[in-house]
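These are the residues of each chain, in order.
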Amino acid sequence: MYVPAEDTLFLMECTKQYRGTWALEMGVGSGAVAQSLLSNFKNVVGTDIDLASLAYCRGKEEGVMLVCCDAASALRGKFDLVVANPPYLPGDPQADATVHGGLAGIETTIHFIESALPLLSEKEGKMLVIVSSLANSTALDKFVQEKKLKKRVVGEKALFYERLYAVELTF
Amino acid sequence: MKRSMLDILACPIDKHYPLELVEIEAAGDEVREGVLACTKCGRYYPIMEEIPVMLPDELRNKERDMGFLRKWQVKIPEKILRQGNPWHL
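Note that the coordinates shown come from a computational prediction; the quantities given were computed from them, not determined experimentally.

Caption draft 1: Examining the packing of helix 4 (residues 107-116) of chain A against helix 5 (residues 138-146) of chain A more closely. Residues and elements named next belong to chain A. Two elements in contact, helix 4 and helix 5, have axes whose closest approach is 10 Å; the angle formed by their N-to-C orientations is 20 degrees. On the basis of their axis angle, the class for helix 4 and helix 5 is roughly parallel. Like other packed secondary-structure pairs, helix 4 and helix 5 cross with a definite hand, here right-handed. Of the residues in helix 5, those touching helix 4 at Ile 110, Ile 113 and Glu 114 are Ala 139, Leu 140 and Phe 143. Among the residues forming the contact of helix 4 with helix 5, the class breakdown is five nonpolar, no polar and one charged.

Below, the structure written as structure tokens:
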């Protein structure tokens, strides 16, 4: 399980400006972000590929609907906000899937976004994803262009050796 | 999982909806133990300690699935026990 770190707090901070009925977090880890979403959303769904993480969340969270699945693969319906802080360090996810996001660092992020696109409500749906300066974002930009998404940086945070961006995607 | 979650769940493999819910243990509107079944591809997904486990075949834990089927075999329909995908008793 990924233990809450500065990137978790950064995502939590960035989600505060959003409100709506349905919110989804892909890769809830310890569940901190999903839980905070409950203050601004009526329904919050959290997924994780790791059953042990969800078992941990279940113990402390009333109200977040938990599903053990890859990204958003077992979900349907429309969400007002989808958030994710995917593992983004370049490296093999088989070594540690909680931090490594693929060889360029961005593969898992793209997989997450692609998985959730059908769930984003066309008019007002927004996706918020944390992207690190350590990941090679060329592939992400290409993907965003291909899918004709609008991309906007809504938050930025400098850490010791990297810079984090909160990227908002809309149709 | 809450029963109402059925509205937002689809088979992760073929996106079929709605899934069939077999309740094994429930309390109020919460299903503690149960099975979700896809009538299209024949896959079943266990609900264990309130959490629906809907992983792709390659990430499923065969031993855990088989143990689950054995543990609840008197409460799970024959079709799932004997023909469920990706593996069965």
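Caption draft 2: The arrangement of the packing of aromatic side chains in detail. Taken as a whole and assessed by the stated rule, the structure comprises two aromatic pairs over all chains. Look at Trp 22 of chain A and Phe 79 of chain A: their rings are 5.7 Å apart centre to centre, the planes differ by 80 degrees, and that puts the pair in the edge-to-face class. Of the two residues, Trp 22 of chain A is situated in strand 1 (residues 20-26) and Phe 79 of chain A in the loop between strand 3 (64-68) and strand 4 (81-84); the sequence distance between them amounts to 57 residues. For Phe 79 of chain A, a relative accessible area of 0% gives the class buried. The ring centre of Tyr 17 of chain B lies 3.4 Å from the NZ or CZ of Arg 76 of chain A, which sits over that ring. Here Arg 60 of chain B stacks its cationic end above the ring of Tyr 44 of chain B, 4.9 Å away from the centre of that ring.

Caption draft 3: Examining the interface of chain B and chain A more closely. Between chain B and chain A, the contact holds 20 residues from the first and 17 residues from the second. For the pair chain B and chain A, the summed buried area comes to about 1,600 Å², and 67% of that belongs to carbon and sulfur atoms. Looking at the side of chain B facing chain A, the largest losses of area belong to Met 5, Ile 8 and Ile 51 of chain B, adding up to 37% of the total buried there. At the junction of chain B and chain A, the tally comes to one salt bridge. One salt bridge in this structure joins Glu 49 of chain B and Arg 58 of chain A, with 3.4 Å as the shortest N-O distance.

Caption draft 4: How the structure looks around the environment of Gly 63 of chain A. Residues and elements named next belong to chain A. Relative to the helices and strands, Gly 63 resides in the loop between helix 3 (51-60) and strand 3. Under the relative-accessibility criterion, Gly 63 is labelled partly exposed at 37%. A sequence separation of 29 residues divides Gly 63 from Ala 34, and the C-alpha atoms of the two residues are 9.7 Å apart. If we skip the residues at most four places from it in the chain, Gly 63 touches Leu 38 and Val 44.

Caption draft 5: Seen up close, the sheet that holds strand 4 (residues 51-52) of chain B. Residue and element names in this part refer to chain B. Reading across from one edge, 1-2-3-4 is the order of the four strands in this open sheet, with antiparallel pairing throughout. In this open sheet, the two strands that pair with only one neighbour each are strand 1 (20-27) and strand 4. The pairing of strand 2 (residues 30-37) with strand 3 (residues 44-48) spans four bridges and is antiparallel. Bridging from a neighbouring strand, Leu 36 pairs with Tyr 45 of strand 3. Most of the contacts of helix 1 (residues 62-71) go to strand 3, to which it runs at about 75 degrees, and overall it touches strand 1, strand 2 and strand 3.

Each value, and the rule that gives it
Residues numbered from 1 in each chain as written. Chains lettered and ligands numbered in written order. Predicted model: local features only at pLDDT ≥ 70, side-chain atom pairs only at ≥ 80, totals over all residues. Heavy atoms only, no water. Axes fitted to C-alpha atoms, helices over the stretch in contact; angles between N-to-C directions. Helix = DSSP H or I, 4+ residues; strand = E, 2+ residues; numbered from the N terminus. Parallel < 35°, antiparallel > 145°, perpendicular 65-115°, else oblique. Left-handed = near helix turned anticlockwise from the far one by under 90°. Contact = heavy atoms within 4.5 Å. Nonpolar A, V, L, I, M, F, W, Y, C, P; charged D, E, K, R; others polar. Phe/Tyr/Trp six-rings, centres within 6.5 Å; stacked < 30°, edge-to-face > 60°. Buried < 20%, exposed > 50% of the residue type's maximum accessible area, 1.4 Å probe, protein only. Lys NZ or Arg CZ within 6 Å of the ring centre and 35° of its normal. Buried area = accessible area lost by both parts, 1.4 Å probe. Salt bridge = Lys/Arg side-chain N within 4 Å of Asp/Glu carboxyl O. Pairing = 2+ DSSP bridges.

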